[in-house]
Amino acid sequence: MLCRCDGGPVTDVEEVPPKAGRAAGVRRTPGTGLLLALVATVVWSGSFVAARALHDTVPPVQAAFWRWIVAVAAVAPLAARQAWRQRALLRRHLGFVTLAALLGITAYNTLVNQAGLSTSAGQMGMIMAASPVVMAVYERLGGRRLGGRRVAGMGIACAGVLLLVGNGSLAPDFAPGDLWMFAAMLSFASYSALLRRRPPEIGQPAFLLATFVLGALLLAPVFAVSVAVQGGFEATAGTVGPLLYVGVFSSALAFFAWNRAVALIGAARTGIVYYLQPVCVAGLSFVLLGEPTGPGRLLCLVLILGGVALGAGRVRDRPAANVRT
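Each value, and the rule that gives it
Residues numbered from 1 in each chain as written. Predicted model: local features only at pLDDT ≥ 70, side-chain atom pairs only at ≥ 80, totals over all residues. Heavy atoms only, no water. Helix = DSSP H or I, 4+ residues; strand = E, 2+ residues; numbered from the N terminus. Contact = heavy atoms within 4.5 Å. Areas by Shrake-Rupley, 256 points an atom, 1.4 Å probe, with all protein chains shown as cover. Phe/Tyr/Trp six-rings, centres within 6.5 Å; stacked < 30°, edge-to-face > 60°. Lys NZ or Arg CZ within 6 Å of the ring centre and 35° of its normal. pLDDT = per-residue confidence, 0-100. Core = buried A, V, L, I, M, F, W, Y, C linked by side-chain atoms within 4.5 Å. Buried < 20%, exposed > 50% of the residue type's maximum accessible area, 1.4 Å probe, protein only. Expected span 1.5 Å × (residues − 1). Bend = angle between axes of the 7 residues up to and from the residue. 1 Å grid on protein atoms, 1.4 Å probe; cavity = no way out; pocket = protein on both sides within 12 Å on 5 of 7 lines; lining within 4 Å. Points joined across faces, edges and corners; volume = space filled by probe spheres on them. Nonpolar A, V, L, I, M, F, W, Y, C, P; charged D, E, K, R; others polar. Axes fitted to C-alpha atoms, helices over the stretch in contact; angles between N-to-C directions. Left-handed = near helix turned anticlockwise from the far one by under 90°. Patch = residues over 30% accessible without salt bridge, like charges linked within 9 Å, V, L, I, M, F, W, Y side chains within 5 Å. Salt bridge = Lys/Arg side-chain N within 4 Å of Asp/Glu carboxyl O. Parallel < 35°, antiparallel > 145°, perpendicular 65-115°, else oblique.

I keep staring at the overall build of the chain and nothing clicks. Help me out?
Along its length, the chain carries 13 helices and 2 strands. Look at the contacts in the chain between residues 6 or more apart in sequence, and 89% of them connect residues 24 or more apart. Of the roughly 14200 Å² of accessible surface on the chain, a fraction of 67% belongs to carbon and sulfur atoms.

Below you can see the structure in the form of structure tokens.
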């Protein structure tokens, strides 16, 4: 059984009466899930631009730490009451919550900031777009059938991403910072797959606040070392602005939307939408950072959009909500 953001259950299609299941499970839930995944993807695209913009002013660990401090401040007014009511549940599932915080909060964002030191924002977004493949592999290993249509859509979109990364070649030449992005991609995909096992009795706001707090605490010792060795950074509009963006929008808003989307339609289907990220990042990095683009990317855009449209559609042979928990 899945869970609503207020902590209650979201009933699977097979567990509700046929008419209700047909109306809510097929028409409303997938559309809502895809829309939430799109919101998270677009907002996260801006975070790669922000990470690249901060690469020569704020050390990666310090940028990650302050991101989650801002995120905690943004989420606490909305989630603190629920988290306090569910403190016994959070203690009971502390191992799961800590693992989610380590993968999705502590490691992922720090690796993204590290990658931003030596690779472009566009390249970062393109590499991250491979994460849906890893999410789908996790779901398949968990016994979930993906369907031929979804696999075909993933393949087409992935080909578009590879062409983007390789500038028209399917054999891309990776920069050193790209390896950090591959590690970030694996961390994020693992986090997304882990979300499907979130204890249903823990509400979404309480879960987010707990992972944000734990993620910041896990970063605190490394942050202290970074300040001692590298020194702090100057608080200016060019540093505080991007940190506020990634803290409020890329953390509080985007993580809530993404986690909810995964709960509604599953990590594999949600991940298909994530293929749109390199398109968004390429556009933003061109407009805001002046990173080069070219007409060859149009074909890649068509492939990615076509693959997303094909793979994100409803699979008739096995509804997305048909998940054993």
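Would you mind showing me how to read the environment of Leu219 here?
Mapped onto the elements, Leu219 comes out in helix H9 (residues 204-230). Along the backbone, Leu219 and Thr110 are 109 residues apart, and their C-alpha atoms lie at a distance of 8.9 Å. Residues contacting Leu219, with those up to four places away along its chain left out, are Val61, Ala64, Phe65, Trp68, Thr106 and Thr110.

Would you mind going over the packing of aromatic side chains with me for this structure?
Any pair of aromatic rings gets described here by the distance separating the centres and the angle formed by the planes. Overall, the coordinates contain 14 aromatic pairs when judged by the stated rule. Among the aromatic side chains, those forming a connected cluster through ring pairs are Trp44, Trp68, Tyr108, Phe188, Tyr191, Phe212, Phe255 and Trp258. Against the face of Phe207 rests Arg198, its NZ or CZ located 5.4 Å from the ring centre.

Where do I start with the confidence of the model for the chain in this structure?
Interpretation of the predicted coordinates at a detailed level should be avoided for regions scoring low in pLDDT. Per-residue confidence for the chain averages 76 on the pLDDT scale, and 74% of its residues sit at or above 70. Element-level mean pLDDT values for the chain span from 38 in strand E2 (residues 9-10) up to 95 in helix H3 (residues 87-92). Predicted confidence for residues 1-27 stays below pLDDT 50, and this span has 57 contacts to residues more than four positions away or in other chains.

Hey, could you run me through the nonpolar core in this one?
Note on soluble globular proteins: their nonpolar side chains tend to be buried together. Judged by nonpolar contacts, the single largest core of 62 residues is most densely connected at Phe48, Met128, Met181 and Trp258. Not counting residues up to four positions away in its chain, the partners in contact with Met128 are Phe48, Tyr108, Met181, Ala184, Met185, Phe188, Tyr274 and Gln277.

How should I be thinking about helix H10 (residues 237-265) in this particular structure?
Here H10 contains 29 residues, and its C-alpha end-to-end distance of 39 Å stays within 8% of the 42 Å for a straight helix at 1.5 Å per residue. Roughly 35 degrees is the biggest bend found in H10, and it falls at Ala254. Of the residues trailing H10, Gly266 is marked for its positive phi of about 90 degrees.

Got a minute to help me understand empty space enclosed by the protein in this structure?
It is a probe the size of a water molecule, rolled over the atoms, that shows where empty space is left. Evaluation of the coordinates by the stated rule reveals 3 cavities of 30 Å³ or more. Lining the largest cavity are Ser47, Ala50, Ala51, Leu54, Ala63, Ala64, Arg67, Asn109, Val112, Asn113, Leu243 and Val246. Broken down by secondary-structure element, the contributors of at least two residues to the lining of the largest cavity are helix H1 (18-53), helix H2 (60-85), helix H4 (94-115) and H10. Looking at the lining of the largest cavity residue by residue, the classes come out as 8 nonpolar, 3 polar and 1 charged.

So what exactly am I meant to see when it comes to the packing of H4 against H9 here?
The geometry of a pair of packed helices is captured by two quantities: the angle between their axes and the separation between those axes. Put simply, H4 and H9 touch, their axes get as near as 8 Å, and they point 60 degrees apart. The interaxial crossing formed by H4 with H9 has right-handed handedness. Here H4 contributes Leu94, Phe96, Val97, Thr98, Ala100, Ala101, Leu102, Ile105, Thr106 and Thr110 to the contact with H9, which in turn contributes Phe207, Ala210, Thr211, Phe212, Leu214, Gly215, Leu218 and Leu219. Taken together, the residues that form the contact of H4 with H9 break down as 13 nonpolar, 5 polar and no charged.

How should I be thinking about the environment of Tyr138 in this particular structure?
On the secondary structure map, Tyr138 appears in helix H6 (residues 131-141). The class of Tyr138 is partly exposed, set by a relative accessible area of 37%. The contacts of Tyr138, once residues within four sequence positions are left out, are Ala189, Ser190 and Ala193.

Explanation requested: a nonpolar patch on the surface in the structure shown.
A cluster of nonpolar residues, Leu35, Leu38, Val39, Val42, Val248, Phe249 and Leu253, forms a patch on the protein surface that exposes about 520 Å² of accessible area. Listed by contribution, the elements that provide at least two residues to the nonpolar patch are H1 and H10. If one sorts the elements of the nonpolar patch by residue count, H1 sits on top with 4 residues. Tracing the sequence through the fold places Val39 in helix H1.

Explain the packing of H2 against H4 to me, please; I cannot follow it from the model alone.
Where H2 meets H4, the axes come as close as 8 Å, and the angle between the chain directions of the two elements is 135 degrees. For the element pair H2 / H4, the angle class is oblique. The element H2 and its partner H4 pack so that their crossing is right-handed. Where H2 approaches H4, its residues Pro60, Val61, Ala63, Ala64, Arg67 and Trp68 are matched on the opposing element by Gly104, Ile105, Asn109, Thr110, Asn113 and Gln114. Here the contact of H2 with H4 is built from residues that sort into 6 nonpolar, 5 polar and 1 charged.

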